[in-house]
Amino acid sequence: MISSLRTTASNPLTLLEPTSTIKELHQIHAQLLVRGHLGDPPLLSKFISVLALSQNNPQHLPYSRQILDYSPSSPTIFALNSLIRAHSKPPFNPLEGFSYYRQVLQSPSLSPDNFTFTFLIRASAHLTSVCIGAAAHAAAFKRGHANDPHVQSGLIHMYSSFRSSTACHRIFEGILNPDVVTQTAMIGAYAASGEIEFARKMFEEMPHRDAISWNAMIAGYSNVGRCREALELFSVMQGEGVSVSEATMVSVLTACANLGALDQGRWAHAYIQKKRIQLTVELGTALIDMYSKCGCVGRAMEVFESMPEKNVYTWSSAMSGLAMNGAGKQCIEVFELMEKEKLEPNQITFVSVLRGCSMSGLVDRGLRYFDLMKSTYGIEPWPEHYGCMVDLYGRAGRLEEALQFIKSMPCNPHTGAWGALLNACKIYRNIELGELAQKKILELEAMNDGAYVLLSNIYADSRNWKGVSNVRELMKAKGVRKEPGCSVIEVAGTVHEFFVGDKSHPMYREIEIMLGEINWRLKLAGYEAKTNEVLFDIEEEEKENALFWHSEKLAIAYGLIVLKEGLTIRIVKNLRVCWDCHDVSKFISKVFEREIIVRDRNRFHHFKDGVCSCQDYW
Ligand code: ZN
Ligand code: ZN
């Protein structure tokens, strides 16, 4: 490229590419200098702007700052706005954008325009306090730019990121004729504050909708966990022939990931390839996440390896997928590779790698990484990291050390840390510590149903029926209700939901017959119901019955009926899998020769030939 620079390019700026190295930048810079372009303020500004906004290359923005600092002529508002804009979103520091705003104010020949405020306000949305954003709002108002649609939509977005829905409403109501930009911002604001019905109402009533409005609505559904609606709306969007962008596909893939809807996720992947939608870092990362959360960690890693560009979130996502699927050792390998490539890990990376260690029982490795995080990378641990460490000790059966670790935490231990200990107490049947952990959780969250259920299961495992009934009574007295179990199975692109004891499915009769068949074939193979976890004070036979109506068994029975032989049954469950369902799944995988993959609240279980990938340890 550079050899042609001297001969062919009439304007060296056209040679600037996102991949240009520092050496190439020097050459382009030199050419501009030689031809006298740098004395031309519009061309200089263009150079600064192109560099500042080429965010794919981390070396370009600092270079544009240097040019600005050493430039003989004073910068234009265009150049300074570009720098503010470049700093308006992560990974750059949004506060730095404000230093260029000051430069605008200090320059006698410049005054801030609507773009200046649009970018300043966008930057403010990423700050931790609303004060600076409110000051930018006041300045925009004072200088007569508060009625610009882009400023207004930026304000709605900013206040919504500070969860200030009153301010969003006030701005929106002050707009005489809201256009598609401000209405779309308001859809985002409604969705962010959980008022998804209002968002949908506004969306339906919009006279004109563009691709960004569709995207805001689909993302809104996806972010609040209403994933089925997200996918439904996406198919309406396609029916209307709206062009689909990379951002929409990220939301679609997120919805597929949460639902564990592999068919639709695969379809979305094929669609991206067919429509030649650029595989950006965000999109690739969403694909990795989708495949991992659907239990296809192999496919996830293929996407990972094929990505031309990766950032720290991509690497973390790959590690998290491996950890979730029980591939702790590979997770560590990926981390080591990342270190070799000199990529700086962040908090999320360490959550993933610590999970990987925990899932594979690699206590010493985990301890080392926890230290490395602080000493080498200067990262202060989040509560999640402490939770991972308690889990690491707990899963390895080192309950005392887990407790000591909690006690040594510099901050107040959160429910996640105590919850990890409680879960370990369940695995290792430690009543005494389990009671302590549950007590601590309830001090922090009086209505935490999971803590009651886990403790009650610990009692049940030790046949301490008095303990079980005490917990039950306490739950009743305090009005704590157990979250109902729900399992989801996707068949031919349609998601079916089953609740515990659910008789509402159109194929309920067939499912009941299949459950009967499973029951006798499993018993012939030596299965015995594990009724310990049934909390009710009922006869054994009744308990067995209650167990057979657990949501994942209904979903598996349905899968056995409708999915052809050889097809894997994939289930996503909202709670942890109980012992009995785990056992039944193992037996079914052998007796019915059927692979079953269950994603529960914590991890994946791959059942095959009578064994589970978690090695009965979850
Ligand atoms: Zn169960
Ligand atoms: Zn398992």
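Residues numbered from 1 in each chain as written. Chains lettered and ligands numbered in written order. Predicted model: local features only at pLDDT ≥ 70, side-chain atom pairs only at ≥ 80, totals over all residues. Heavy atoms only, no water.

## Let's talk about the overall build of the chain
A count of helical and extended segments in the chain gives 32 helices and six strands. Here the chain has a C-alpha radius of gyration of 28 Å; the compact-globule value for 618 residues is 25 Å, and the two agree. For the chain, the C-alpha atoms occupy an extent of roughly 90 × 55 × 50 Å along the three principal directions. Among the 618 residues that make up the chain, the fraction classed as buried is 51%. (Helix = DSSP H or I, 4+ residues; strand = E, 2+ residues; numbered from the N terminus. Rg over C-alpha atoms; globule rule 2.2 N^0.38 Å. Buried < 20%, exposed > 50% of the residue type's maximum accessible area, 1.4 Å probe, protein only.)

## Some thoughts on the pattern of salt bridges
Summed over the entire model, instances satisfying the criterion amount to 20 salt bridges. Residue Lys 439 is joined to Glu 443 by a salt bridge in which the shortest nitrogen-to-oxygen separation is 3.9 Å. Note that Lys 439 and Glu 443 are positioned in helix α26 (residues 431–444) at a spacing of four residues, about one turn of the helix. Under the relative-accessibility criterion, Lys 439 is labelled partly exposed at 49%. For Glu 443, a relative accessible area of 52% corresponds to the exposed category. Among the ionic pairs, Glu 517 bridges to Arg 521, the shortest N-O distance being 3.0 Å. Taken together, the residues Glu 517 and Arg 521, both in helix α29 (residues 508–524) and four residues apart, mark about one turn of the helix. Ionic contacts of the salt-bridge type, sharing partners, join the residues Glu 197, Arg 226 and Glu 229 into one network. (Salt bridge = Lys/Arg side-chain N within 4 Å of Asp/Glu carboxyl O.)

## A closer look at the coordination of the zinc ion (ligand 1)
Around the zinc ion (ligand 1), the donor atoms from the protein are His 550 (ND1), Cys 578 (SG) and Cys 581 (SG), and they sit 2.0 to 2.3 Å away. Exposure remark for Cys 581: the relative accessible area of 1% places this residue in the buried category. (Donors = N, O, S within 2.8 Å, 3.2 Å for Na, K, Ca; no water.)

## Points about the coordination of the zinc ion (ligand 2)
Note on the zinc ion (ligand 2): its protein donors are His 582 (NE2), His 605 (ND1), Cys 612 (SG) and Cys 614 (SG). The metal-donor distances range over 2.0 to 2.2 Å. Angles of 103 to 117° at the metal separate the four donor atoms of the zinc ion (ligand 2), which places the site in the tetrahedral class. Going along the chain, you hit the donors of the zinc ion (ligand 2) in the pattern H-x22-H-x6-C-x1-C. Highlighted residues: His 582 in helix α32 (residues 579–591) and Cys 614 in the segment after β6 (611–612), separated in sequence by 32 residues. In terms of burial, His 582 and Cys 614 fall into one category: buried. (Tetrahedral: all angles 85-135°; square planar, octahedral: opposite > 155°, others 65-115°.)

## Focus: helix α6 (residues 94–106)
Each turn of an α-helix holds 3.6 residues, which means side chains three or four residues apart point in the same direction. Taken as a whole, α6 has its buried residues at Pro 94, Gly 97, Phe 98, Tyr 100, Tyr 101 and Val 104. Burial along α6 is one-sided: seen end-on, the buried residues are contained in an arc of 160°. The N-cap of α6, judged by a side-chain oxygen 3.0 Å from the amide nitrogen of Leu 95 a few residues on, is Asn 93. (Arc of directions from axis to C-beta. Polar contact = N/O pair within 3.5 Å; in protein donor to acceptor, adjacent residues only side chain to side chain.)

## Quick word on the domain arrangement of the chain
Domain annotation for the chain reports domain 1 (382–482) and domain 2 (487–612). Using C-alpha coordinates to define each centre, domain 1 is positioned 27 Å away from domain 2. (Domains from an automatic or database assignment.)

## Considering the pairing of strand β2 (residues 494–499)
Examined bridge by bridge, strand β1 (residues 486–491) and β2 share six bridges and lie antiparallel to one another. Following the sheet pairing, Ser 487 is matched in β2 by Phe 498. Linking β1 back to β2 in an antiparallel pair, the connection comprises two residues, with Ala 492 at a positive phi of about 45°. (Pairing = 2+ DSSP bridges.)

## Re unusual backbone geometry
Here the phi dihedral of Arg 163 falls at roughly 55°; this positive angle occurs in a residue that is not glycine. Of note in this structure, Arg 463 is not a glycine but carries a positive phi near 55°. Following the sequence through the fold, Arg 463 ends up in the loop between α27 (449–461) and α28 (465–478).

## A word on the nonpolar core
Counting 162 residues, the largest nonpolar core has Phe 47, Ile 156, Met 249, Met 290 and Leu 421 as its most contacted members. Split by domain, the residues of this core number at least three in each of domain 1 (382–482) and domain 2 (487–612). If near-sequence neighbours (up to four positions away) are discounted, Ile 156 is found in contact with Cys 168, Ile 171, Phe 172, Ile 175, Thr 182, Ala 185, Met 186 and Ala 189. Counting 34 residues, the second-largest nonpolar core is a separate cluster that includes Ile 489, Val 491, Ile 511 and Leu 547. (Core = buried A, V, L, I, M, F, W, Y, C linked by side-chain atoms within 4.5 Å. Contact = heavy atoms within 4.5 Å.)

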